[in-house]
Amino acid sequence: MNWRDRLNRFMYGRYGQDELSRFLLIVGFILLILDLLFRIPGVGMIVLLILGYNYFRMLSRNVPARYAENQKFLQLKDRVLGFFRGGRGRAEDLKTNHIYRCPKCSQKIRIPRGKGMVEITCPKCRTRFRKRS
Ligand SMILES: [Zn+2]
């Protein structure tokens, strides 16, 4: 048996790598470099914990639990990325659009700027009103 077969046999039924383990590896690596540069007390310990947790996950036979952790991580990642994207998107949006509220049902309505006086029909209650865009 060569080393590759041995490794395959050893890893059989174990969880292995996923997005979370790659992320933890990168975080651990960054912290390691920060620790080497600035000698921050406690960071070496955190790196050990992160890498230890990472190996524990990779070698774990409890695949559903590891899978659930990864799903949670991906959801969190989506939310964080969405927050940054959403924040930038809203600022861009206000440059090109006005936000008005319907006088009757106060539904928010987005109107493109620079079209002069426009008649707006509320998409919710069909009330018509005029606004400068
Ligand atoms: Zn309305």
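Each remark here, short or long, concerns the structure printed above.
The rules we used
- Residues numbered from 1 in each chain as written.
- Predicted model: local features only at pLDDT ≥ 70, side-chain atom pairs only at ≥ 80, totals over all residues.
- Heavy atoms only, no water.
- Donors = N, O, S within 2.8 Å, 3.2 Å for Na, K, Ca; no water.
- Buried < 20%, exposed > 50% of the residue type's maximum accessible area, 1.4 Å probe, protein only.
- Polar contact = N/O pair within 3.5 Å; in protein donor to acceptor, adjacent residues only side chain to side chain.
- Helix = DSSP H or I, 4+ residues; strand = E, 2+ residues; numbered from the N terminus.
- Core = buried A, V, L, I, M, F, W, Y, C linked by side-chain atoms within 4.5 Å.
- Contact = heavy atoms within 4.5 Å.
- Salt bridge = Lys/Arg side-chain N within 4 Å of Asp/Glu carboxyl O.

1. With respect to the coordination of the zinc ion
By definition of the ideal shapes, a tetrahedral metal site with four donors has angles of 109.5 degrees and an octahedral site with six donors has angles of 90 or 180 degrees. Looking at the metal site, the zinc ion is ligated by C102 (SG), C105 (SG), C122 (SG) and C125 (SG), spaced 2.2 to 2.3 Å from it. Using a relative accessible area of 25% as the deciding quantity, one classes C105 as partly exposed. Its relative accessible area of 27% is what places C125 among the partly exposed residues.

2. Quick look at helix α1 (residues 3-11)
With a side-chain oxygen lying 3.0 Å from the backbone nitrogen of R4, the N-terminal cap of α1 falls on N2. Within two residues after α1, G13 carries a phi angle of roughly 80°, on the positive side.

3. Notes on the nonpolar core
Judged by nonpolar contacts, Y100, C102, I109, I111, V118, I120, C122 and F129 together constitute the single largest core of eight residues. Dropping the residues within four chain positions of it, I120 is found in contact with Y100, I109, I111, T127, R128, F129 and K131. L31, V43, V47 and F73 belong to the second-largest nonpolar core, a separate cluster that totals seven residues.

4. Thoughts on the pattern of salt bridges
In the structure shown here, the tally under the stated rule is four salt bridges. Taking the shortest distance from any N to any O, the salt bridge between R57 and E69 comes out at 2.6 Å. Remark: E69 occurs in helix α4 (residues 63-96) and R57 occurs in helix α3 (residues 43-59); sequence separation between them is twelve residues. Here E119 makes a salt bridge to R128, at a shortest N to O gap of 2.5 Å. Overall, E119 belongs to the partly exposed group, its relative accessible area being 45%. The network of salt bridges with shared partners includes D18, R57, R66 and E69.

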